[in-house]
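Coordinate analysis (summary)
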Amino acid sequence: MIAPHPLPLNPAQRDAVEHPGGALLVLAGAGSGKTRVLTARIAHLITKLGVAPQRIFAVTFTNKAAGEMRSRIAQLLGGDPRGLWIGTFHSLSARLLRREAPLLGFGPNFTIYDADDSEALVKRLLEARQLSTKVYPPRTVHAVVGATGRHAAREGRRRDLRRARPRAQAGQRDGLR
Ligand SMILES: Nc1ncnc2c1ncn2[C@@H]1O[C@H](COP(=O)(O)OP(=O)(O)OP(=O)(O)O)[C@@H](O)[C@H]1O
Ligand SMILES: [Mg+2]
């Protein structure tokens, strides 16, 4: 294994890397060393503060940036940080959904449909039921299905809130006793 190689940091970078906690915004120009701060901070959290890599979530705009960050962190740590969440918003979200899918009764091998895939599926379902796609345009049916789903989700949240509220009130009463 290659020995970890700590990167040189200027004082502002060091402050950001060793910031003791809470939210921190790093605002700096192009090529000024932001990625170095992020990678050094992740390495610092893992090696100095003992944070488990799987508790770190690093989101980038592009897969290229994520790959670059992962390899820079690997270089710093002297090995790939297994379990580190590093990727684009889309790839990390997909990974999270796959991991938690069983909670919703799905297997981990589901496919995520985009708007075109969904409309094509609605069209196939209409045709299978011999319903005219002229009378029921797939795009409209898909929009109605989406709106119904969102409405149901909102109702579900309201129901959960109604259920939670009496508990909270009971808790307050207990506190007074
Ligand atoms: N303190 C430093 N001392 C020497 N070199 C540094 C230092 N900080 C960063 N660099 C080097 O400067 C270059 C740019 O750094 P980095 O990629 O971290 O910048 P960035 O702000 O993320 O750039 P971009 O805006 O392109 O994303 C890299 O080659 C990096 O190794
Ligand atoms: Mg960068």
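Above: the structure in question.
This report concerns the structure included in the present document. Because the structure is a prediction, the values reported are computed rather than measured.

1. Brief notes about the overall build of the protein chain
- The secondary structure content of the protein chain amounts to 6 helices and 2 strands.
- Counting contacts in the protein chain only where the partners sit at least 6 residues apart, residues at least 24 apart contribute 52% of the total.

2. Details of the nonpolar core
- Formed by Ala16, Val17, Val37, Leu38, Ala40, Ile42, Ala43, Ile73, Leu76 and Leu77, the largest nonpolar core amounts to 10 residues.
- Of all the secondary-structure elements, those providing two or more residues to this core are helix H1 (11–17), helix H2 (34–47) and helix H3 (63–77).
- A total of 5 residues in this core trace back to one element, the largest contributor, which is H2.
- Residues within four places of Ala43 in sequence aside, it is in contact with Ile73, Leu76 and Leu77.

3. Quick notes on the site of ligand 1
- Around ligand 1, the neighbouring residues are Pro8, Leu9, Asn10, Gln13, Ala30, Gly31, Ser32, Gly33, Lys34, Thr35 and Arg36.
- For the shell around ligand 1, the element with the most residues is H2, which contributes 3 residues.

4. Here we look at the pairing of strand S2 (residues 85–88)
- Where strand S1 (residues 57–60) and S2 come together, 4 bridges link them in parallel fashion. Bridging across to S2, Thr60 finds its partner in Thr88.
- A crossover connection joins S1 to the parallel S2 through H3; in handedness this β-α-β unit is right-handed.

5. Re helix H4 (residues 89–100)
- When the terminal C-alpha atoms of H4 are compared, their 16 Å separation across 12 residues agrees well with the 16 Å that a helix rising 1.5 Å per residue should span.
- The element H4 is largely exposed, with a buried count of 0 among its 12 residues.

6. Some remarks on the packing of H2 against H3
- Where H2 meets H3, the closest approach of the two axes is 9 Å, and the angle between their N-to-C directions is 45°. Compared by their axis directions, H2 and H3 come out oblique. As H2 runs across H3, the sense of the crossing is right-handed. Contact with H2, carried on its side by Thr35, Leu38, Thr39, Ala40, Ile42, Ala43, Ile46 and Thr47, involves Met69, Arg72, Ile73, Leu76 and Leu77 of H3 and no other residues of that element.
- When its residues are assigned to classes, the contact of H2 with H3 shows 9 nonpolar, 3 polar and 1 charged.

Cut-offs used in this document
- Residues numbered from 1 in each chain as written.
- Chains lettered and ligands numbered in written order.
- Predicted model: local features only at pLDDT ≥ 70, side-chain atom pairs only at ≥ 80, totals over all residues.
- Helix = DSSP H or I, 4+ residues; strand = E, 2+ residues; numbered from the N terminus.
- Contact = placed C-beta atoms within 7 Å.
- Core = buried A, V, L, I, M, F, W, Y, C linked by C-beta atoms within 7 Å.
- Buried ≥ 20, exposed ≤ 12 C-beta atoms within 10 Å, placed from the backbone.
- Near = placed C-beta within 6 Å.
- Pairing = 2+ DSSP bridges.
- Right-handed = clockwise from strand over helix to strand, strands pointing away.
- Expected span 1.5 Å × (residues − 1).
- Axes fitted to C-alpha atoms, helices over the stretch in contact; angles between N-to-C directions.
- Parallel < 35°, antiparallel > 145°, perpendicular 65-115°, else oblique.
- Left-handed = near helix turned anticlockwise from the far one by under 90°.
- Nonpolar A, V, L, I, M, F, W, Y, C, P; charged D, E, K, R; others polar.

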